[in-house]
Amino acid sequence: MTWHDAVMSSALTDLCPLPIVQAPMAGGASHPALVAAVAEAGGLGFLAAGYKTADGMYEEIKQARALTARPFGVNLFMPQTEHADPATVEVYRNQLSGEATWYRTPLGETDSCSDDGYDAKLAILVDDPVPLVTFTFGCPRRSVVQALQRVGTKVGVTVTSVEEAQAAQEAGADLVCVQGIEAGGHQGTHRDNPEADGSGFGLLSLIVQVREAVQLPIIAAGGIMRGAQIAAVLAAGADLAQLGTAFLVTPESGAPEPHKQAMTNPLFTRTELTRAFSGRPARGLVNRFMREHGPYAPAAYPQIHHMTSPLRKAAAKAGDPQGMALWAGQGHRLARELPAGQLVEVLAAELDAARAALTQRGAA
């Protein structure tokens, strides 16, 4: 039985011939060229609208459409309704004053709007639809889901627990992106609860729990770098596998070169969840900035993101990975510097080989 036969009833089968999704990586990695290369190879590419203006998002959509006629998705950040204590933000600002001096750049302002241009982006996506829109950091209202579905867009929600998956189903979502704690970048939790930091579920366990709790197709995300891992998550109940770190190092990725090189640099041996760069838990390579500031960073997103943004940009410009947010999943040392289309082909071949091996073992 082929993958397509196995999930013929899935809401995802018309989006991509292969069960391989390129994760939306906010901050520039998910460049239209990467999205198009993945789509043309048979996977599902994703643009990341987070941290972009509505016009910036739309420009990238048009660029991707010019490069491929294949379907692709767009990921939005939900507006943040919980407000951090200004005093704790100011304490962290004072702590980072030495970083501002070192990189010769002022810290960013923290009174920026916290909705990430949400309404304007939704208006564009309803007026000029894309095949798939997913949401991170929360679940949209049913009315938002229905507005997108009326124009032919499938809607997905990033979830990190059974309860979040159930909320997505109740809102009418077409699918869920189940994110394990192994995933690089931000944890897509719907509520930012500091007391729960580091207590998330591993991907395989979470897939099984969500599969038994809701009747929605599943995109599985978290530390996936090889075709055999794709086979494992599909066997556990997922419909597609989403990879971020694996595509971050490709030539088409818009990630800064120091970030790409750090993935396999022996200097960076492990990842951790940290609030140091954004005020929300996110997994990255452990570097100087994370070690020095992570223990003191408050739960204050997106204020801390805006505050540290100039520092991270200055560090990238200086080629200094010790001051950058080196988002990476737990499998980062398995990264391969292949063109994105070739990487999709290699992953698909590895998936076929893994399934064949399992079939042979079952027949033995």
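Residues numbered from 1 in each chain as written. Predicted model: local features only at pLDDT ≥ 70, side-chain atom pairs only at ≥ 80, totals over all residues. Heavy atoms only, no water.

### Some words on the pattern of salt bridges
Right, so step 1: Counted according to the given criterion, the structure contains 14 salt bridges.
Right, so step 2: Measuring nitrogen to oxygen at the nearest pair gives 2.8 Å for the salt bridge that ties Arg-275 to Asp-197. Of the two residues, Arg-275 sits in the loop between β10 (271-274) and β11 (282-285) while Asp-197 sits in the loop between β7 (185-186) and α9 (203-213), which places them 78 residues apart along the sequence.
Right, so step 3: Residues participating in the shared-partner salt-bridge network are Glu-99, Arg-288 and Glu-292. (Salt bridge = Lys/Arg side-chain N within 4 Å of Asp/Glu carboxyl O. Helix = DSSP H or I, 4+ residues; strand = E, 2+ residues; numbered from the N terminus.)

### Some words on the environment of Leu-18
Right, so step 1: Positionally, Leu-18 belongs in the loop between α1 (3-6) and β1 (20-22).
Right, so step 2: Sequence separation between Leu-18 and Arg-361 is 343 residues; the distance between their C-alpha atoms is 24 Å.

### Points about the nonpolar core
Right, so step 1: Val-178, Val-210, Ile-230, Leu-243 and Phe-247 are the most contacted members of the largest nonpolar core, which totals 74 residues.
Right, so step 2: Here this core takes seven residues from helix α15 (residues 340-363), the largest share from any one element.
Right, so step 3: Filtering out sequence-adjacent residues up to four positions away, Phe-247 remains in contact with Ile-20, Val-21, Gln-22, Met-25, Leu-34, Val-38, Ser-253, Ala-340, Leu-343, Val-344 and Leu-347. (Core = buried A, V, L, I, M, F, W, Y, C linked by side-chain atoms within 4.5 Å. Buried < 20%, exposed > 50% of the residue type's maximum accessible area, 1.4 Å probe, protein only. Contact = heavy atoms within 4.5 Å.)

### Digging into the packing of helix α2 (residues 32-40) against α15
Right, so step 1: Two numbers describe how α2 lies on α15: the axes approach to 8 Å, and their chain directions differ by 35°. Between α2 and α15 lies a crossing whose hand is right-handed. Across the interface between the two elements, Leu-34, Ala-37 and Val-38 of α2 pack against Ala-340, Gly-341 and Val-344 of α15. (Axes fitted to C-alpha atoms, helices over the stretch in contact; angles between N-to-C directions. Left-handed = near helix turned anticlockwise from the far one by under 90°.)

### Details of the confidence of the model for the chain
Right, so step 1: Per-residue confidence for the chain gives a mean pLDDT of 94; residues scoring 70 or more make up 96%.
Right, so step 2: Predicted confidence for residues 1-9 stays below pLDDT 50, and this span has 13 contacts to residues more than four positions away or in other chains. (pLDDT = per-residue confidence, 0-100.)

### Considerations on the packing of aromatic side chains
Right, so step 1: Scanning the model with the defined rule gives six aromatic pairs in all.
Right, so step 2: Note on Phe-77 and Phe-137: the rings are 4.7 Å apart at their centroids and 40° apart in plane angle, and the pair reads as tilted. In this pair, Phe-77 sits in strand β3 (residues 72-77) while Phe-137 sits in the loop between β4 (132-136) and α7 (142-150), placing the two residues 60 residues apart along the sequence. A single burial state applies to Phe-77 and to Phe-137, both of which are buried.
Right, so step 3: Seen in terms of ring centroids, Phe-277 and Trp-327 are 5.7 Å apart; in terms of plane orientation they differ by 90°. Their pairing is edge-to-face. Here Phe-277, found in the loop between β10 and β11, pairs with Trp-327, found in the loop between α14 (303-317) and α15; they are 50 residues apart in sequence, far enough to count as distant.
Right, so step 4: Between the NZ or CZ atom of Arg-280 and the centre of the ring of Tyr-301, over which it lies, the distance is 6.0 Å. (Phe/Tyr/Trp six-rings, centres within 6.5 Å; stacked < 30°, edge-to-face > 60°. Lys NZ or Arg CZ within 6 Å of the ring centre and 35° of its normal.)

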